[in-house]
Amino acid sequence: ASVDGGLYFDRNTSFGDKSLLQTLEPRLYYLYSDYDEQFDQPDFDSAELTFTYNQLFRETRFSGRDRLDDANQVSVGLTTRFIDNENGRNLFSASVGQIFYFRDRKVRLLALSPPLDESGSEIAGELNFTPNDKIGLRTSLIYDPYSGNMNSGNFQSSYKADNGSIFNLGYSYRRPFTTIDTISNRASTEEASISTYFPVNNKWSVFAAMNYSLEADTSVEDMVGIEYDSCCWTVRLMHLRYYNNVSDQVTDFNDPDLEREHTTQFQFILKGMGGYGDQITDIMRDMIRGFEEREY
């Protein structure tokens with residue numbers, strides 16, 4: 001069972017000569033889920049979701065359905081927005097929130113993992129700044145009020161040109177921690193990312209992306225490709241390099257047996273009818289923020 005509610009306040013304000021509408025949006029979300037022992041149930045593909053502001057208002061802390069979590073908690077969130085009165089554009093928004101737990105969470109991925117007994121979650125925050133149609137800046141932070149540490153953060157900047165070009169630049173950081181459920185000690189991760197989708201002309205486009213580890217001083221995932229697009233069909237050719245590491249574990253780049261995987265993929269799309277090679281579209285959406293398939 002869950003109950004989700006909030007309030008909406010607004011007022012007119014201004015910044016320079018720009019007329020703005022400022023909102024204040026408090027939100028409360030209560031979630032209850034009974035405990036049921038699941039020690040005899042295998043875990044095929046479930047994992048604990050990465051904690052973000054949106055996680056405050058989800059019905060589960062797990063991905064997949066191999067684990068049905070127990071919960072008795074309330075989430076408190078607060079968002080403020082500055083909206084341009086002339087065109088309705090959300091120029092700036094800021095959100096902050098936290099979960100408060102009324103009981104320990106006993107459901108874990110592994111049977112021997114102890115219950116989670118914290119009285120509250122980390123504090124999650126987000127900032128978004130979109131001054132116009134072309135520029136977007138976004139940052140999210142996760143702060144632990146009990147240890148005083150900033151556990152993770154990321155920053156993303158994007159630029160979209162009139163011809164459909166996309167340029168993204170990002171940075172992310174996560175503090176080290178130990179997780180019993182994955183039987184691993186996660187080291188700190190610090191990565192920079194860059195991606196682009198660039199139309200050379202009306203039919204030909206090139207695209208590329210790279211996630212670069214600052215600790216290992218090497219690219220952990222990169223791809224490059226070319227696209228031909230007409231009124232009725234699209235063809236893409238992509239080459240991807242990556243490390244096939246275990247989920248939720250940090251790659252040991254000093255491992256002499258570590259090998260980089262390579263894959264070359266081809267995609268053909270008949271617009272409005274389908275095609276094959278859809279994995280390329282999924283990879284592009286994942287690695288190139290803001291990319292969307294053109295219908296015509």
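Quick caveat, the model's predicted, so the values are computed rather than measured.

Draft legend 1. Representation of the overall build of the protein in the model. A count of helical and extended segments in the protein gives 1 helix and 19 strands. Across the 296 residues that make up the protein, the buried fraction comes to 36%. Relative to all contacts within the protein whose residues are 6 or more apart in sequence, the contacts with residues 24 or more apart total 50%. Taken as a whole, the protein presents about 17600 Å² of accessible surface, with 54% of it coming from carbon and sulfur.

Draft legend 2. Summary view of the nonpolar core. Membership of the largest hydrophobic core comes to 13 residues, with the highest contact counts inside it found for Tyr197, Phe207, Met223, Met238, Met284 and Ile288. For this core, the elements supplying multiple residues, two or more each, are β15 (204–213), β17 (233–243) and α1 (279–287). With 4 residues, α1 is the largest single contributor of residues to this core. Those residues within four positions of methionine 284 in sequence are excluded, and the remaining contacts are Tyr197, Phe207, Met223, Arg236 and Phe291. Grouped together as the second largest cluster of nonpolar side chains are 11 residues, Leu31, Ile99, Ala124 and Ile142 included.

Draft legend 3. Up close: a negative patch on the surface. Together, Asp34, Asp36, Glu37 and Asp40 line one region of the surface with negative charge. Its location among the elements puts aspartate 36 in the loop between β3 (18–33) and β4 (47–48).

Draft legend 4. Geometry of α1. Taken residue by residue, α1 has Ile280, Thr281, Ile283, Met284 and Met287 as its buried positions. Taken around the axis of α1, the buried residues stretch over an arc of 160°, which confines them to a single face. Considering only its buried residues, α1 is in contact with β14 (189–199), β15, β16 (218–229), β17 and β18 (260–270).

Draft legend 5. Inspection of the pattern of salt bridges at higher detail. By the definition in use, this model includes 14 salt bridges. With its nearest N and O atoms 3.2 Å apart, the salt bridge here joins arginine 105 to glutamate 118. Placement of the pair is arginine 105 in the loop between β7 (90–101) and β8 (123–129) and glutamate 118 in the loop between β7 and β8, with a sequence separation of 13 residues. Overall, glutamate 118 belongs to the partly exposed group, its relative accessible area being 40%. Note that arginine 285 is salt-bridged to glutamate 292, the shortest N-O span being 4.0 Å. Residue arginine 285 is classed as partly exposed on the basis of its relative accessible area, which comes to 42%. One continuous salt-bridge network, built from bridges that share partners, spans Arg61, Asp69 and Asp70.

Draft legend 6. Local environment of the packing of aromatic side chains. Summed over all chains, the structure comprises 8 aromatic pairs. Taking 6.2 Å as the distance between ring centres and 50° as the angle between the ring planes, the aromatic pair formed by phenylalanine 82 and phenylalanine 92 counts as tilted. Of this pair, phenylalanine 82 sits in strand β6 (residues 71–84) while phenylalanine 92 sits in strand β7; the two residues are 10 residues apart in sequence, bridging distant segments of the chain. Here phenylalanine 82 falls in the partly exposed class, since its relative accessible area comes to 23%. Geometrically, the ring pair formed by tryptophan 233 and phenylalanine 268 is tilted, given 6.2 Å between the ring centres and 35° between the ring planes.

Draft legend 7. How the structure looks around the environment of aspartate 66. Note on placement: aspartate 66 falls in the loop between β5 (62–63) and β6. Residue class for aspartate 66 comes out buried when judged on its relative accessible area of 17%. Here aspartate 66 is in contact with Gln38, Pro42, Asp43, Phe44, Asp45 and Ser46, once residues within four sequence places are set aside. At 2.9 Å, the side chain of aspartate 66 forms a polar contact with the backbone nitrogen of phenylalanine 44. Here aspartate 45 takes part through its backbone nitrogen, which lies 2.9 Å from a polar atom of the side chain of aspartate 66.

About the cut-offs
Residues numbered from 1 in each chain as written. Predicted model: local features only at pLDDT ≥ 70, side-chain atom pairs only at ≥ 80, totals over all residues. Heavy atoms only, no water. Helix = DSSP H or I, 4+ residues; strand = E, 2+ residues; numbered from the N terminus. Buried < 20%, exposed > 50% of the residue type's maximum accessible area, 1.4 Å probe, protein only. Contact = heavy atoms within 4.5 Å. Areas by Shrake-Rupley, 256 points an atom, 1.4 Å probe, with all protein chains shown as cover. Core = buried A, V, L, I, M, F, W, Y, C linked by side-chain atoms within 4.5 Å. Patch = residues over 30% accessible without salt bridge, like charges linked within 9 Å, V, L, I, M, F, W, Y side chains within 5 Å. Salt bridge = Lys/Arg side-chain N within 4 Å of Asp/Glu carboxyl O. Lys, Arg positive; Asp, Glu negative; His and termini not counted. Charge placed at Lys NZ, Arg CZ, Asp CG, Glu CD. Arc of directions from axis to C-beta. Phe/Tyr/Trp six-rings, centres within 6.5 Å; stacked < 30°, edge-to-face > 60°. Polar contact = N/O pair within 3.5 Å; in protein donor to acceptor, adjacent residues only side chain to side chain.

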